[in-house]
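Coordinate inspection notes
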Amino acid sequence: MSSSRTGRPPVQRAPRRPAGPRPPRENPVGRLYMRVRRAWDRPLTAYYLILGGSLLITVLGLVMVYSASQITALQLSLPGSYFFRKQFFAAVLGGLLLLAASRMPSKLHRALAYPMLLGSVFLMILVQVPGIGVAVNGNQNWISVGGPFQLQPSEFGKLALVLWGADLLARKQDKRLLAQWKHMLVPLVPVAFMLLGLIMLGGDMGTAIILTAILFGLLWLAGAPTRLFGGVLAVALTIGFILIKTSPNRMARLSCLGATEPQSGPVDCWQAVHGIYALASGGLFGSGLGASVEKWGQLPEAHTDFIFAITGEELGLAGTLSVLALFAALGYAGIRVAGRTEDPFVRYAAGGVTTWITAQAVINIGAVLGLLPIAGVPLPLFSYGGSALLPTMFAIGLLIAFAREDPAARAALAMRQPRFGRKRAAVRGSAGAAGPRRWNTMRRRASAARSSGER
């Protein structure tokens, strides 16, 4: 046995192991995607999207109303902040309505359906009474409530149709009557057509289109068969075609689609073309807040129907895409609330509100972009107008209340520890027993309370 020079036996070294395949490194993009997906699937995602998205749209709308309305107010010999102060007052009042609606139970929402419908019909009839109704831009859809304040009852008719239609369909579904086409249509469609008739007496076809979209949204959620759905759609399109064909003003708006010059033949497309000019001059990041050129008398209704064009001119493509992203998030959250509930009233009401806000935003932005005819409807939560802001914020409160009523969201809210109000001794309990709970623990416990639709 060989030995080393020191007389000690040689050290036996372990044989080298063959280098095996290294474990693959985790892709940072995939890890980020999984984290975003887990956060997106949390029970309170819809709640935060509705609350945060609506508040951001409202605050940004106040800023843009102040910027877009200054020149118009000065041209009318009014203070520069005149329209902003009225809009801010309406936003504060609408915030109170949002808070009240978000804290109401569904039973109280359903109890308000019939009084709101009757009140809206009564006010729409008063609009047509001489001496009470007020005409604005050729449409008589307003009621003067004293001083500079006016009320547009048709805006509250949207909310009334959503609540009343949702309550009606929910009660019929509980009795299993929606399988019969007569119960599907009556009295929902006749009442909706009555509201449409009262609105069209004042000449406001834009609001009538939004009400029609709400009606189709409710029928779609109720599971109307294709033939029935197509029949109602055919009747509505026929009536709309007749109303457009018999009105020179509406035909002129339709002929301005794709116009690039203010005077396209015999039709004046000044507003549509200057809206495109405002968007085109904004570039990527805009000319700066308050630096719009088109609001100096070139673009009519700069702070109401065409405020999106001023947003594109002052904040650029980045600003307009941010507004579109906020509305997309709001629409997704509304669809998620409607799709994950087992309460038929919540499903119909959430779907109706989402259809209302999404359709109105698409019609307004499409008109500014020159893709749709100018319908004269404001951008929800964004444009100037208290009559449009108040019912819309109440409808947002409905969505927040429905998002809170989800079983998984309710469990997540119940497990939260209040940051203040507890004694420090309880927090310093032995071995940290009263310490704050981790989200993973809360999520595991909340999973037991999730509904069948919650993933």
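Let us look at the structure shown here. The residue numbering used here restarts from 1 in each chain and proceeds along that chain's sequence as written. Per-residue local features of the predicted model are confined to residues with pLDDT of at least 70, and side-chain atom pairs are confined, for both listing and counting, to 80 or more; whole-chain, interface and lining totals are unaffected and use all residues. Hydrogens and water are ignored here; the side-chain numbers use all heavy atoms of the structure.

**Some points on helix H10 (residues 226-245)**
The cut-off we apply is this: Here a helix means four or more residues in a row that DSSP labels H or I, a strand means two or more in a row labelled E, and each is numbered from the N terminus. Residue count minus one, scaled by 1.5 Å, sets the expected span of a helix. Categorising residues by exposure relies on relative accessible area from a 1.4 Å probe, with only protein chains included: less than 20% of the type maximum marks a residue as buried, more than 50% marks it as exposed, and the intermediate range marks it as partly exposed. Starting at the helix axis, one direction is taken to each C-beta atom, and the arc is that of these directions. Pairs of residues are marked as contacts when any of their non-hydrogen atoms sit within 4.5 Å.
Given a rise of 1.5 Å per residue, 20 residues ought to cover 28 Å, and the 28 Å separating the end C-alpha atoms of H10 matches this to within 8%. Within the sequence span of H10, burial applies to Leu 228, Phe 229, Val 232, Ala 236 and Gly 240. What you see down the axis of H10 is that its buried residues fit within an arc of 100°, all on one side. Turned more than 90 degrees away from the buried face of H10 sit Thr 226, Arg 227, Leu 237, Phe 241 and Lys 245, all of them exposed. Its buried side turned inward, H10 meets helix H7 (181-185) and helix H9 (205-221).

**With respect to the packing of H9 against helix H14 (residues 344-368)**
Two measures define how a pair of helices packs: the angle their axes make with one another and the distance between the axes. Let me state the cut-off plainly: To obtain an axis, a line is fitted to C-alpha atoms, over the contacting stretch when the element is a helix, and the angle between two such axes runs from 0 to 180 degrees between their N-to-C directions. For any helix crossing, the convention is left-handed if the near helix is rotated counterclockwise from the far helix by under a right angle, and right-handed if that rotation is clockwise. In this count, Pro and Cys sit with the nonpolar residues alongside Ala, Val, Leu, Ile, Met, Phe, Trp and Tyr, while Asp, Glu, Lys and Arg are called charged and the others, Gly among them, polar.
At a minimum axis separation of 9 Å, H9 and H14 run at an interaxial angle of 145°. Where H9 crosses over H14, the two elements pack in a sense that is right-handed. Residues Ile 209, Ile 210, Ala 213, Ile 214, Gly 217, Leu 218 and Leu 221 of H9 form the contact with H14, whose participating residues are Arg 347, Tyr 348, Gly 351, Gly 352, Thr 355, Trp 356, Ala 359, Gln 360 and Ile 363. Of the residues in the contact of H9 with H14, the class split is ten nonpolar, five polar and one charged.

**Brief notes about the pattern of salt bridges**
Selection rule: The working definition used for a salt bridge is a side-chain nitrogen of Lys or Arg within 4 Å of a carboxyl oxygen of Asp or Glu.
Enumeration according to the criterion identifies five salt bridges in this entry. Asp 41 is the partner of Arg 340 in a salt bridge, and the nearest nitrogen-oxygen pair spans 3.4 Å. One end of the pair, Arg 340, is in the loop between helix H13 (307-339) and H14; the other, Asp 41, is in the loop between helix H1 (28-40) and helix H2 (45-75), with 299 residues separating them in the sequence. For Arg 340, a relative accessible area of 14% gives the class buried. A salt bridge links Arg 110 to Asp 167, with the nearest nitrogen and oxygen atoms 2.8 Å apart. You can see Arg 110 sitting in helix H4 (residues 106-111) and its partner Asp 167 sitting in helix H6 (residues 153-174), a full 57 residues away along the chain. By relative accessible area, Arg 110 is classed as partly exposed at 22%.

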